[in-house]
Amino acid sequence: MASEKSSSKGQAWFCTTGLPSDIEIEVDDMTFHLHKFPLMSKSRKLHRLITEQETRSCSIALITETDPKVEETDKKGKGHEIEDDEEKEEEVEEEQEIEENGYPHIKLEDFPGSSESFEMVAKFCYGVKMDLSASTVVPLRCAAEHLEMTEEYSPDNLISKTERFLSHSVYKSLRESIKALKACESVSPLAGSLGITEQCIESIVSRASSADPSLFGWPVNDGATDLQLIPGGAAKSRKKQSRDSNMELWFEDLTQLSLPIFKTVILTMKSRDLSSDIIESCLICYAKKHIPGILRSNRKPPSSSSTAVSENEQRELLETITSNLPLDKTSVSSTTRLLFGLLRTAIILNASETCRDLLERKIGSQLERATLDDLLVPSYSYLNETLYDVDLVERILGHFLDTLEQSNTAIVEADGKSPSLMLVGKLIDGFLAEIASDANLKSDKFYNLAISLPDQARLYDDGLYRAVDVYLKAHPWVSEAEREKICGVMDCQKLTLEACTHAAQNERLPLRAVVQVLFFEQLQLRHAIAGTLLAAQSPSPSQSTEPRPSATRNLPITEEDGDEVKGEGQMDAGKWKKTVRENQVLRLDMDTMRTRVHRLERECSNMKKVIAKIDKEGSSPATTTDRPRSWSITKKFGCKFKTQVCDSHEATMIDHRSRRS
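Residues numbered from 1 in each chain as written. Predicted model: local features only at pLDDT ≥ 70, side-chain atom pairs only at ≥ 80, totals over all residues. Heavy atoms only, no water.

S.K.: I keep staring at the overall build of the protein chain and nothing clicks. Help me out?
M.R.: The number of helices and strands found in the protein chain is 29 helices and 5 strands. Residue burial in the protein chain is summarised as follows: out of 661 residues, 40% are buried. Expressed as a percentage of contacts within the protein chain between residues at least 6 apart in sequence, the contacts between residues at least 24 apart total 70%. For the protein chain, the exposed area adds up to about 37700 Å²; of that, 52% sits on carbon and sulfur atoms. (Helix = DSSP H or I, 4+ residues; strand = E, 2+ residues; numbered from the N terminus. Buried < 20%, exposed > 50% of the residue type's maximum accessible area, 1.4 Å probe, protein only. Contact = heavy atoms within 4.5 Å. Areas by Shrake-Rupley, 256 points an atom, 1.4 Å probe, with all protein chains shown as cover.)

So this is what it looks like as structure tokens:
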């Protein structure tokens, strides 16, 4: 930091005023060659040290003149000095150093802010203009306090100047307060005693609490540029971009803080009942910066400093962040993936059980925001035989259901279905289909996870049928009882027509499941035919007996009104013709569906004959001679429906045909 009145050469700093230096001050590894008067006029402590040095030099000079034994001991270098003479030798060495350099030498131990801060102090004493910033003003304020540069000692001194800069430029800006708080780490004891750390935290929390809710609580008044924007669409767009940029910069600034100070900021935010969105965003961003490997897309460590952190330090950081996470559901949807990353890291680092349980509960409160890739958490323990941790997903799902049950403000549609529950149902079906191909997955685990969701979580069971099909294909050795148990998780009434067609031809399904699928497929066709008939027999809107609006009024009909009546009559006639054509098309479709019903009835009848034949051949003679056995498909396959599953109503259809012809 050279200027017109100063220059540095290696580890030495000189003041180029044209006058020879008359004092040396050593701070850390830097030696400053200065003048006594500027320093003594601003600093009470330097004035006292320089005066003591000069007084001691005069005393040493008098001692050496009256006591020549000290000089003889120093010249001969004998090792049998007396303890009283050792102090005198040190004083003599200082005197010799002063005689060699021509001026005294003072060493400042434990100077706050190191040599950079003392350089700024020296420039201030010499009247050199300085550019203060949030990062430099804090150690400079501590250095001024250490050197006792008060207003009482000298007017307009360094303490008052730095205090004004902190009040007018630092504490009024959010980002500047964070930078100043970062600078407090190097001078933490003195900055804390002066109240600088507390005031910086107070500034951060107060400005965060007055944030815009539409931006997840992030402050938007950090600069004055937003107030100068002109109204209009383009101005609003620029304003939003500026706010988003300020939000990202604030995130980045917060991650530069050390863990103890960052924890103090978070605790202060929680004590002020700040928005959960702000607190969670701060914690997640800090973890993303300092814990490597949270995101799967960024497996490489971002910097060498993060790799140097030990596992114990990472575990402590992770547990600190997790313990301060708000448990309630926030509006920041992007944190769900990062929460899963924290959970994976907690399992790898063997974090405490409390830490992992908190993360599982937090994820469970917003499980509908997760993706299938998030749920695929590998099994890091040798106790789990499966590729992915199924027990973990089951626990998270349990927390989600508990949260949904306890929540009194859950969004429910008109038909009584919860959108979040249906999203989770689709997510779990995808997870079941993904893990079903694992050869080590037990049927009990698959069954328990499949039935853990309520019935209203699935509008259709096609996804569940796909998972069952994949499991039966990957586990051909399971017994018939286990196959029936696994297929029991499906509701055949909630399968679409495509899924029913596939299931009816699926050789991996047990016979009971196939019969139920065939029954409900025919039932769907029957309902479709009945609906078509009702639509065909419903009266046309043009046949309504309601009087025209014009007829209900006691007003004379003009020519214009007559033209309107004619136009309405033509429109009604066109609608009637269109309705007749639509009915004809529906009747043709009905004939096609009736043909398919007949075919399915024949297939079902043939299947019943084959089953009856098999049952008759398998029964013993003793049983058949006692009394004839009344075999029923209902008792055999557990189907609680009549054997006559469909009626084609052929006579009714013939009547319709004759009527149409």
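S.K.: I tried to follow the nonpolar core on my own but got confused; where do I start?
M.R.: Soluble, globular proteins show a tendency: their nonpolar side chains are buried together. Ile25 and Met269 are the most contacted members of the largest nonpolar core, which totals 137 residues. Looking at which element gives the most residues to this core, the answer is helix α20 (residues 419–435), with 8 residues. For Ile25, the residues in contact, after removing those within four places along its chain, are Met30, Thr31, Phe32, Leu34, Leu39, Leu46, Ile106, Leu108 and Phe118. Counting residues in hydrophobic clusters, the runner-up holds 5 residues, among them Leu525, Ile529, Val597 and Leu600. (Core = buried A, V, L, I, M, F, W, Y, C linked by side-chain atoms within 4.5 Å.)

S.K.: Is there a simple way to explain helix α21 (residues 443–450) in this structure?
M.R.: A turn of α-helix holds 3.6 residues, and therefore any two residues three or four places apart point the same way. Along α21, the residues that are buried comprise Ser443, Phe446, Leu449 and Ala450. Taken end-on, α21 shows its buried residues confined to a sector of 140°, consistent with a single buried face. (Arc of directions from axis to C-beta.)

S.K.: What is the right way to look at the packing of helix α12 (residues 259–271) against helix α13 (residues 276–290) in this model?
M.R.: Any two packed helices are characterised by the angle at which their axes cross and by the distance between the axes. Axis separation between α12 and α13 bottoms out at 10 Å; the angle between their running directions is 165°. Comparing the axis directions of α12 and α13 gives the class roughly antiparallel. The hand of the α12/α13 crossing is left-handed. Contacts from Leu259, Phe262, Ile266, Met269 and Lys270 of α12 reach α13 at Ile278, Ile279, Cys282, Leu283 and Tyr286. Taken together, the residues of the contact of α12 with α13 sort by class into 9 nonpolar, no polar and 1 charged. (Axes fitted to C-alpha atoms, helices over the stretch in contact; angles between N-to-C directions. Parallel < 35°, antiparallel > 145°, perpendicular 65-115°, else oblique. Left-handed = near helix turned anticlockwise from the far one by under 90°. Nonpolar A, V, L, I, M, F, W, Y, C, P; charged D, E, K, R; others polar.)

S.K.: Got a minute to help me understand unusual backbone geometry in this structure?
M.R.: Apart from glycine, the bulk of residues carry a negative phi angle, and the bulk of peptide bonds sit in the trans form. One non-glycine residue, Ser114, lies in the positive phi region at around 60°. Take Ser114: it is sitting in helix α5 (residues 114–125). For Asp156, which is not glycine, the phi dihedral falls at a positive 50°. Positionally, Asp156 belongs in the loop between α6 (134–146) and α7 (158–170).

S.K.: Looking at this model, I keep getting lost on the environment of Glu313. Mind explaining?
M.R.: Along the chain, Glu313 turns up in helix α15 (residues 311–323). Judged by relative accessible area, which is 44%, Glu313 ranks as partly exposed. Separated by 22 residues in the primary sequence, Glu313 and Ile291 place their C-alpha atoms 9.8 Å from one another.

S.K.: Which parts of the structure should I look at to understand helix α23 (residues 480–487)?
M.R.: Among all positions of α23, only Arg483, Ile486 and Cys487 are buried. Down the axis of α23, the smallest arc covering the buried residues is 95°, so these residues share one side.

S.K.: Hey, could you run me through the packing of aromatic side chains in this one?
M.R.: What characterises a pair of aromatic rings is the spacing of the ring centres plus the angle enclosed by the ring planes. For the coordinates displayed, the defined rule picks out 4 aromatic pairs. Relative to Phe118, the ring of Phe111 lies with its centre 5.5 Å away and its plane at 85°, an arrangement referred to as edge-to-face. The exposure classification of Phe111 matches that of Phe118, with both residues buried. Their ring planes at 25° and their centres at 4.8 Å tell us that Phe446 and Tyr471 sit as a pair that is stacked. Separated by 25 residues along the polypeptide, Phe446 in helix α21 and Tyr471 in helix α22 (residues 462–474) bring together distant segments of the chain. In this pair, the class of Phe446 matches that of Tyr471, namely buried. Among the aromatic residues, those joined into a cluster by ring pairs are Phe32, Phe111 and Phe118. (Phe/Tyr/Trp six-rings, centres within 6.5 Å; stacked < 30°, edge-to-face > 60°.)

S.K.: Would you mind going over the state of the cysteines with me for this structure?
M.R.: The term disulfide refers to a covalent linkage connecting the sulfur atoms of a pair of cysteines. Throughout the structure, instances matching the rule amount to 0 disulfides. Lacking any disulfide linkage, Cys184 is separated from the closest cysteine sulfur, that of Cys200, by 4.8 Å. For Cys184, a relative accessible area of 1% gives the class buried. Cysteine Cys282 is unpaired, with the sulfur of Cys285 as its nearest cysteine sulfur at 7.9 Å. (Disulfide = S-S within 2.5 Å.)

S.K.: I tried to follow the environment of Leu274 on my own but got confused; where do I start?
M.R.: Mapped onto the elements, Leu274 comes out in the loop between α12 and α13. By relative accessible area, Leu274 is classed as buried at 10%. A C-alpha to C-alpha distance of 6.0 Å links Leu274 and Ser209, two positions 65 residues apart in sequence. With residues up to four places along the chain from it excluded, the contact list for Leu274 reads Val205, Ala208, Ser209, Met269 and Ile279.

S.K.: Would you explain the environment of Lys442 in this entry?
M.R.: Turning to its location among the elements, Lys442 is positioned in the loop between α20 and α21. With 57 residues separating them along the chain, Lys442 and Glu385 place their C-alpha atoms 9.5 Å apart. In this structure Lys442 touches Glu385 and Tyr471, once residues within four positions along its chain are discounted.

S.K.: Could you clarify how one ought to interpret the pattern of salt bridges in this entry?
M.R.: Pairing is possible between side chains of opposite charge, provided their charged atoms come close. Evaluation of the coordinates by the stated rule reveals 20 salt bridges. In this structure, Glu145 and Arg141 form a salt bridge, with 2.9 Å as the shortest nitrogen-oxygen distance. Of the two residues, Glu145 and Arg141 are both situated in helix α6; the distance of 4 residues between them amounts to about one turn of the helix. Taken together, the shared-partner salt bridges connect Arg44, Arg48 and Glu148 into one network. (Salt bridge = Lys/Arg side-chain N within 4 Å of Asp/Glu carboxyl O.)

S.K.: Can you help me understand a negative patch on the surface in this one?
M.R.: On the surface, Asp28, Asp29, Asp110 and Glu116 cluster together to form a negatively charged patch. Structurally, Asp110 can be placed in the loop between β5 (105–108) and α5. (Patch = residues over 30% accessible without salt bridge, like charges linked within 9 Å, V, L, I, M, F, W, Y side chains within 5 Å. Lys, Arg positive; Asp, Glu negative; His and termini not counted. Charge placed at Lys NZ, Arg CZ, Asp CG, Glu CD.)

S.K.: Even after reading the chapter, I still don't get the pairing of strand β4 (residues 30–34), so can you show me in this structure?
M.R.: For β4, a buried count of 5 out of 5 residues is recorded, marking the element as mostly surrounded by other parts of the structure. With burial as the criterion, each face of β4 is covered, one bearing Met30, Phe32 and Leu34 and the other bearing Thr31 and His33. As defined by bridge partners, strand β3 (residues 23–27) adjoins β4 across 5 bridges and the pair is classed as antiparallel. Paired with Ile25 across the bridge in β4 is Phe32. Joining the antiparallel neighbours β3 and β4 is a turn of 2 residues, in which Asp28 adopts a positive phi near 60°. (Pairing = 2+ DSSP bridges.)

S.K.: Got a minute to help me understand the packing of α21 against α23 in this structure?
M.R.: For the pair α21 and α23, the least separation of the axes is 10 Å and the interaxial angle reads 20°. By the criterion of interaxial angle, the relationship of α21 to α23 is roughly parallel. As α21 packs across α23, the resulting crossing turns out to be left-handed. On α23, the residues that touch Ser443, Asp444, Phe446 and Tyr447 of α21 are Glu482, Lys485 and Ile486. Residue composition of the contact of α21 with α23, by class: 3 nonpolar, 1 polar and 3 charged.

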